[in-house]
Structures are given as C-alpha cells and as structure tokens.
Amino acid sequence: MQVDPAYFTWWQRSDLGYQQGELNFAGSAVRELIAEHGTPTFVYSKQRVTDNIQRLKSALDDTALVGRYKILFAMKANRFAPLLQFLARQGMVGIDACSPNEVAHALACGFEPDQISFTAGSLSQHDVSRLDEFEGLFMNCDSLYSIETWGRLKPGSEIGIRVNPGLGVSRACNDRLQYAGTVTTKFGIYKEQFVEALALANRYQLTVSKIHFHTGCGYLTSELNQLDQVISECLWFVENCPDVSRVNVGGGLGVPHSAGENPLDLGKWAAVLAKHFASRDILIEMEPGEYIVKDSGLLLLSKTYLEKKRNTLFLGVDAGFNIAPEPAYYNLPFQPVSLIDPQGKAAPKLKKVTVVGNINEALDVWYEDALLPNMQQETHLTLINAGGYSSSMASNHCMRGEFTEILLD
Ligand SMILES: Cc1ncc(COP(=O)(O)O)c(C=O)c1O
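Residues numbered from 1 in each chain as written. Predicted model: local features only at pLDDT ≥ 70, side-chain atom pairs only at ≥ 80, totals over all residues.

### Quick look at the nonpolar core
Moving on, step 1. Counting 111 residues, the largest nonpolar core has A106 and F118 as its most contacted members.
Moving on, step 2. Structurally, this core is a two-domain feature, drawing no fewer than three residues from each of domain 1 (6-45 + 295-408) and domain 2 (68-288).
Moving on, step 3. Contacts of A106, omitting those with residues within four sequence positions, involve M75, L84, I95, A97, F111 and I116. (Core = buried A, V, L, I, M, F, W, Y, C linked by C-beta atoms within 7 Å. Buried ≥ 20, exposed ≤ 12 C-beta atoms within 10 Å, placed from the backbone. Domains from an automatic or database assignment. Contact = placed C-beta atoms within 7 Å.)

### Some thoughts on helix 7 (residues 144-153)
Moving on, step 1. Restricting attention to buried positions, one finds in helix 7 the residues S146, I147, W150 and G151. In an axial view of helix 7, the angular spread of the buried residues amounts to 130°, which keeps them on one side of the axis.
Moving on, step 2. Residues of helix 7 that are buried sit in contact with strand 8 (138-141), strand 9 (158-164) and helix 8 (194-203). (Helix = DSSP H or I, 4+ residues; strand = E, 2+ residues; numbered from the N terminus. Arc of directions from axis to C-beta.)

### So, the site of the ligand
Moving on, step 1. Around the ligand, 16 residues are found, and the nearest of them are A74, C217, G251, G289 and E290.
Moving on, step 2. Residue composition of the shell around the ligand, by class: 6 nonpolar, 6 polar and 4 charged. (Near = placed C-beta within 6 Å. Nonpolar A, V, L, I, M, F, W, Y, C, P; charged D, E, K, R; others polar.)

### Points about the packing of helix 3 (residues 46-61) against helix 10 (residues 266-277)
Moving on, step 1. Remark: helix 3 packs on helix 10, axes separated minimally by 8 Å, with the N-to-C direction vectors making an angle of 50°. Looking at the two axes, helix 3 sits oblique to helix 10. The two elements helix 3 and helix 10 cross, and the hand of that crossing is right-handed. When helix 3 is examined against helix 10, the residues R55, L56, A59 and L60 are found in contact with a partner set consisting of L266, G267, W269 and A270.
Moving on, step 2. Here the residues of the contact of helix 3 with helix 10 sort into 6 nonpolar, 1 polar and 1 charged. (Axes fitted to C-alpha atoms, helices over the stretch in contact; angles between N-to-C directions. Parallel < 35°, antiparallel > 145°, perpendicular 65-115°, else oblique. Left-handed = near helix turned anticlockwise from the far one by under 90°.)

### Some thoughts on the pairing of strand 14 (residues 297-309)
Moving on, step 1. In the sheet, strand 4 (residues 41-45) pairs with strand 14 via 4 bridges, with the strands oriented antiparallel. Bridge pairing links Y44 to G297 in strand 14.
Moving on, step 2. As paired strands, strand 14 and strand 19 (residues 380-383) are joined by 4 bridges and run antiparallel to one another. If you follow S302 over to strand 19, its bridge partner there is H380.
Moving on, step 3. Bridge count for strand 14 against strand 15 (residues 312-317) is 6 bridges, and the pairing is antiparallel. Each bridged residue has a counterpart across the sheet, and for K309 the counterpart in strand 15 is T312.
Moving on, step 4. Hairpin connection between strand 14 and strand 15: a loop of 2 residues separates the two successive antiparallel strands, and R310 in this loop has a positive phi of roughly 50°. (Pairing = 2+ DSSP bridges.)

### Quick word on the domain arrangement of the protein chain
Moving on, step 1. For the protein chain, the assigned domains read domain 1 (6-45 + 295-408) and domain 2 (68-288).
Moving on, step 2. Its C-alpha centre places domain 1 at a distance of 33 Å from the equivalent point of domain 2.
Moving on, step 3. Each partner contributes to the interface: domain 1 provides 18 residues, whereas domain 2 provides 16 residues.
Moving on, step 4. Contributions of two or more residues to the side of domain 1 that touches domain 2 are made by helix 1 (6-9), helix 12 (326-330) and strand 20 (404-408).

### Regarding unusual backbone geometry
Moving on, step 1. A cis geometry characterises the amide bond from T39 onward to P40, with omega recorded as -10°.
Moving on, step 2. Looking at the element boundaries, P40 is found in the loop between helix 2 (30-37) and strand 4.
Moving on, step 3. Of note, the phi angle at D369 is positive, near 50°, even though the residue is not glycine.
Moving on, step 4. Here N385, not a glycine, exhibits a phi torsion of approximately 65°, which is positive.
Moving on, step 5. Looking at the element boundaries, N385 is found in the loop between strand 19 and strand 20.
Moving on, step 6. Among the residues examined, N385 registers 27 C-beta atoms within 10 Å and is labelled buried.

### A closer look at the pairing of strand 19
Moving on, step 1. Every second residue of strand 19 is oriented toward a common face, with H380 and T382 on one face and L381 and L383 on the other, all of them buried.
Moving on, step 2. Pairing geometry for strand 16 (residues 336-338) and strand 19, over 3 bridges, is antiparallel. Paired with P336 across the two strands is L383, which belongs to strand 19.

### Observations regarding helix 4 (residues 81-90)
Moving on, step 1. By the burial criterion, the buried members of helix 4 are L83, L84, L87 and A88. Take helix 4 and look down its axis: the buried residues cluster within an arc of 135°, on one side only. Within helix 4, the exposed residues directed more than 90 degrees away from the buried face are R89 and Q90.
Moving on, step 2. Each element contacted by the buried residues of helix 4 is listed here: strand 4, strand 5 (69-74), helix 5 (100-108) and strand 20.

### A word on the sheet that holds strand 1 (residues 16-19)
Moving on, step 1. On the basis of which strands lie adjacent, the open sheet formed by 3 strands has the order 1-2-3 and antiparallel pairing. Two strands close off the open sheet at either side, each with one partner strand: strand 1 and strand 3 (28-29).
Moving on, step 2. Here strand 1 pairs with strand 2 (residues 22-25) via 4 bridges, running antiparallel. Looking at the pairing, L16 lines up with F25 of strand 2.

### Re the environment of V365
Moving on, step 1. If you trace the backbone, V365 turns up in strand 18 (residues 365-373).
Moving on, step 2. Taking the C-alpha atoms as reference, V365 lies 6.2 Å from V355; in sequence the two are 10 residues apart.
Moving on, step 3. Ignoring anything within four residues of it in the chain, the contact list for V365 reads T354 and V356.

### A short note on the packing of helix 7 against helix 8
The description of two helices packed together rests on the angle between their axes and the distance between the axes.
Moving on, step 1. Between helix 7 and helix 8, the least distance of the axes is 9 Å, while the angle of their chain directions is 5°. Here helix 7 is positioned roughly parallel relative to helix 8, judged by the angle of their axes. Along its contact with helix 7, which presents L144, I147, E148 and G151, the element helix 8 presents E196, A197, L200, A201 and R203.

In structure tokens:
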C-alpha cells in the first residue's frame, strides 16, 4: 500500500510521538497510562496547555499590543476541575463562561469574579438572578432582551455588547462552526439594531465599555483574511460606541486535524489584530478554547472487535461519539493513532479500518478508512485532539457516559 508518510507524522511533536516503537505522551508511555487508568480515559497534558498559552502570549508580545491584551480561556472547551485549578494557580488566563454553573465552577476552581467574562444567550430569569449573585462578574449582553433584563437588575452598571457583523470566520468555511454570516443567527446584536441597543443601555444608565464578537470556530492561517474582514466590520460598532475601552475578539483559533493542515501561523494572526488595534487606546481580550486545550488531550480506548463486513474492516472500541461528539457533529476527524509505531520495523502490515464506537446510532463512526498497523494482536488505540469539546460535551446516551479524566504534568 502506497501511503504518504505525513499521514503518520503530521501530529507528532516533542511531547507526542513514538520512542523505541511505542507511543509516548507528556513523558509517559501510553501503554502504561492505559494499564494504570483503564479505558475510556482522557489524558490531558498540563505542559502542552501551558505551551499553547505561552505561544499565544509570545505572538502578541511581538506586536504593538504588548501589555494591552488579556486571554480568557473558554471553559466550555474543557472544564475538568484539576485543569481549571491549575490554570487559576498559574495565573496566565482568565475565564470566558457561558452559564451560571460555569461561573460557579470557575469560582470553585480558584478564579475571582473579576477574572471572568460572561457571554451567553437565552438567559432565563432564574439564570439572571443567579448571575446577579456573582459580584464583579462582567456581563456581555447578546440581545436587546438581555440589555433590558440586565439594565433593570443593575441600572448604572458597566456592560459589554456582543455584536454580529453579519460575517463570520470558521474552519474551511464549515457552516456548522460559523456563528455569523449570510444565515441570520441568534448570536449578538446586528448593525440595524445597534441604535436601539444603545438607547436601551442609556435608559438604564448602563455604560457600554466593551464590544464583543465571536463569529466562528476552528480557523487556520488560510482563513486569516476573513478574520481581517470580520474585525473591519466590527470596528463600525466600536466607532459608534463612545465609552468602549475594551474589545473582545472571541475565540475561534483552530488546530490541525489532518495531514496537510498546518498549525495556525500565530505571527500572522497577531499581526491582523495589531493592524486594527495598535493605534487605538483599547484593551484587547480574546477567549480561545480549542487552541488552548484541544491538542493537549488524547482519548485512550480499548479494542472490542475487528471484523470484516462486506468490503469494510471494522475496528470497534469501548467508547462512542457521545463522549467526544466533534467528529459526529462537526465532521472533524480525530485521527486514530496506534500504540505501536506504524512505520517501525516491528509493526505489522498496514490495514485500512473504519473505527466505530459502542453507541446504537448510525453516526457513531470515529474515523473511516483509518490506516493502522494490523490490529489483530493490538488491544488498544488512541484518538488525538480530544482535549477540547470532548469530555465537556459528553452525554450519557445509551447510559455509556462513563469515562476517566487525568491531568498529566
Ligand atoms: C462566545 C464564545 N467565545 C469563545 C468561544 C471559544 O471558541 P473556540 O474554542 O473556537 O476558541 C466560543 C465557542 O463556542 C464562544 O461561543
């Protein structure tokens, strides 16, 4: 079988790859991690998370934005308490929260209210009264309804307004990951509503000190022109809002998911931000989730069976899409990676297999036609990029919601 070697190497890096033919992650042999913790298990690397944040900071520090930005971790990507506690102790990021329970969880993990930015939609009266209890929490209102509701509750306070520029940026224009664009979405206040939004804020003496936007997820370098245009559109809101001292540019920074995709060029990304904001007296906030945690995690699995049906060789594993829904929901491939080096001398011959889970749903397919060393003798498998939007989105579908999470140094 002719295979591009990049298929087996694109995801490897100094802390993730093969040593003496065996898969290692964050200084541990994956086989030993499985022996110790069982499967299905998510393992996250503290060091990789730190490196990802540090890389973002270094890119921003190399621009005129140095000292004028704040990174908030979008905890919807991963809320594993030991990870949040680690981030709180480390002090490099604040938190982007999107529900009252997320705020309470961030506080319990060691963050202070003034380190948390809150952006959410469709808030109930119960939500709002819970949020009211978090003194110092910063609220970004995403609709006329939420400005009115917050204004009644906290007249005279400071708020942000989440805007919708009618243009979005996402991974390869994947419309499931796009929050703004030609399709009208629920996210944020549109240009034509903005005058009414400011009038409402004025009615309750609210100071609108922040413009917030998040228009899509997973963008890589080739989408940076689109980001540039999104920011240009959003500057209209900034310029029409006299008290703005902060702009939150959202998250959306992506990581590669397959061979042929390169990591986001952070130098170019930071240059786009600097182009628009360097000459403005404004603090820039950003709230990445995926970029900080996704490639810091692996999902460790056990093989259940290997069986040919018609022309397809199926490899079954002991967990399904319900504990890591991104491949099924968004068509994002989580490449299966064997514990044994497929290019090593001891590796069995390569086979094409379709990796499937244990949920009774047609969409429970982890990966079609994965290339793996013959799995006849192998007992385990891993999936990469499982550090974000996996455990945090897990459900108990088919009562198969059980898994272990481990934070590695
Ligand atoms: C308002 C908001 N901010 C930040 C994020 C984080 O996005 P990402 O993980 O793509 O960086 C999201 C994701 O849905 C979001 O809705």
